[in-house]
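# Chain and residue survey
Listed below, chain by chain, are the residues.
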Amino acid sequence: MNIIEGNLSLKGNEKVAIINARFNHIITDRLVEGAKDAFLRHGGKEENLDLILVPGAFEIPMALEKVLSSGKWDAVCCVGAVIRGSTPHFDYVSAETTKGIASVTLKYGKPVTFGVLTVDNIEQAIERAGSKAGNKGFEAMTGVVELLNLYKNIKASYGN
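Here's what I pulled together on the structure shown here.

Parameters and conventions
- Each chain has its residues counted from 1, running along the sequence as written.
- Predicted model: local features are reported for residues with pLDDT of at least 70 only, side-chain atom pairs are reported and counted for 80 or more only, and whole-chain, interface and lining totals are derived from all residues.
- As a convention, hydrogens and water are excluded, and side-chain values are obtained from all of the structure's heavy atoms.
- Each helix corresponds to a stretch of at least 4 residues labelled H or I by DSSP, and each strand to a stretch of at least 2 residues labelled E; elements are numbered beginning at the N terminus.
- Radius of gyration here is computed from C-alpha atoms only, and the compact-globule reference equals 2.2 Å multiplied by the residue count raised to the power 0.38.
- Residue burial is assigned from relative accessible area. The probe radius is 1.4 Å, only protein chains are included, and a residue is buried under 20% of its type maximum, exposed over 50%, and partly exposed in between.
- By the convention used here, residues are in contact when the closest approach between their heavy atoms is within 4.5 Å.
- Only the protein chains shown count as cover for residues, with accessible areas throughout obtained via the Shrake-Rupley method and a probe of 1.4 Å.
- As used in this record, nonpolar core signifies buried Ala, Val, Leu, Ile, Met, Phe, Trp, Tyr and Cys residues forming a set joined through side-chain atoms within 4.5 Å.
- Take the number of residues in a helix, subtract one, and multiply by 1.5 Å to get its expected span.
- Throughout, the arc means that of the directions going from the helix axis to the C-beta atoms.
- Pairing between strands is defined by DSSP: at least two bridges between them are needed.
- Crossovers are described as right-handed under a simple rule: with the strands pointing away from the observer, the path leading from the first strand over the helix to the second runs clockwise.
- Axis geometry follows a simple rule: fit a line to the C-alpha atoms, using only the stretch in contact for helices, then measure angles between N-to-C directions, giving values from 0 to 180 degrees.

## Remarks on the overall build of the chain
Secondary structure assignment for the chain yields five helices and six strands. What you see in the chain, going N to C, is helices and strands ordered as β-α-β-α-β-α-β-α-β-β-α. Since a compact globule built from 160 residues should have a radius of gyration of about 15 Å, the 16 Å found for the chain is in line with a globular shape. Principal axes of the C-alpha set define a box for the chain whose edges measure 50 × 35 × 30 Å. Within the chain, buried positions represent 42% of all 160 residues. Taking as baseline every contact in the chain between residues at least 6 positions apart, the subset at least 24 positions apart corresponds to 80%. Of the roughly 8,600 Å² of accessible surface on the chain, 54% is carried by carbon and sulfur atoms.

See below:
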């Protein structure tokens, strides 16, 4: 059996974007810090990392469409935080953000990760932005690194 997988090492020439939803910035700023840390720790160069800010999570898919259609980036790490309130707004925003990111990702076939928190309360968001549940921005960027290598390995093995 042939096993094709990615590894967690960048060459340093990969161009990566972080798309960050500014809403709930106290949380999302920590996610961006985690994503940047993962990129640099795995061999990325800071001059090849761009931060694209959008107002909220709902706007991430359209920014992702613009980024991927430009062809200027090799991969994208999407981060944001949608925190449940007392209205159905959470359900609409989290569902459409998720569907939008998935749709754009499938359209372009480039490495994209989903680091958008969808949580019930601020405590859960804090836990996932660097306290006891780790930093989901770091995890999402680690996924970008692995996917970049996996896609290269698939192409090398099967020319696809």
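## A short note on the nonpolar core
If you look at the biggest cluster of nonpolar residues, it comprises 23 residues, and the most contacted ones within it are Val-16, Ile-18, Ile-27, Cys-77, Leu-117, Met-141 and Val-144. If you list the elements that add at least two residues to this core, you get strand 1 (16-21), helix 1 (25-41), strand 3 (75-83), strand 4 (112-119) and helix 5 (136-158). Considering each element in turn, this core owes the most residues, six residues, to helix 1. Once residues lying within four places of it in the same chain are set aside, the contact partners of Ile-18 are Val-32, Ala-35, Lys-36, Leu-49, Asp-50, Leu-51, Ile-52, Cys-77, Val-79 and Met-141. Counting residues in each nonpolar core, the second largest holds 20 residues, with Ala-17, Val-67, Leu-68 and Ile-101 among its members.

## Side note on helix 1
The terminal C-alpha atoms of helix 1, which comprises 17 residues, lie 24 Å apart, in line with the 24 Å expected from a rise of 1.5 Å per residue. Those residues of helix 1 lying buried are Ile-27, Thr-28, Leu-31, Val-32, Gly-34, Ala-35, Ala-38 and Phe-39. The buried residues of helix 1 occupy an angular sector of 160 degrees when the element is viewed end-on, so they sit on one face. With respect to the buried face of helix 1, the exposed residues turned more than 90 degrees away are Ile-26 and Arg-41.

## A few points about the pairing of strand 1
Most of strand 1 is tucked away, with six of its six residues classed as buried. Bridge analysis of strand 1 against strand 2 (residues 49-54) gives six bridges, and the strand direction is parallel. Bridge assignment links Ala-17 to a residue of strand 2, and that residue is Asp-50. Chirality of the crossover, the property in question, places the unit of strand 1, helix 1 and strand 2 among those that are right-handed. Note that strand 1 and strand 3 share five bridges and pair parallel. Within the sheet, the bridge partner assigned to Val-16 lies in strand 3 and is Ala-75.

## Quick notes on the sheet that holds strand 2
Pairing within the open sheet is parallel, and its four strands lie in the order 2-1-3-4. Each edge of the sheet is formed by a strand with only one pairing partner; in this case those strands are strand 2 and strand 4. Ignoring which end each strand starts from, the neighbouring axes of this sheet average 15 degrees apart. Set on the sheet, helix 3 (residues 89-108) makes contact with strand 3 and strand 4; between it and strand 4 the angle comes to about 175 degrees.

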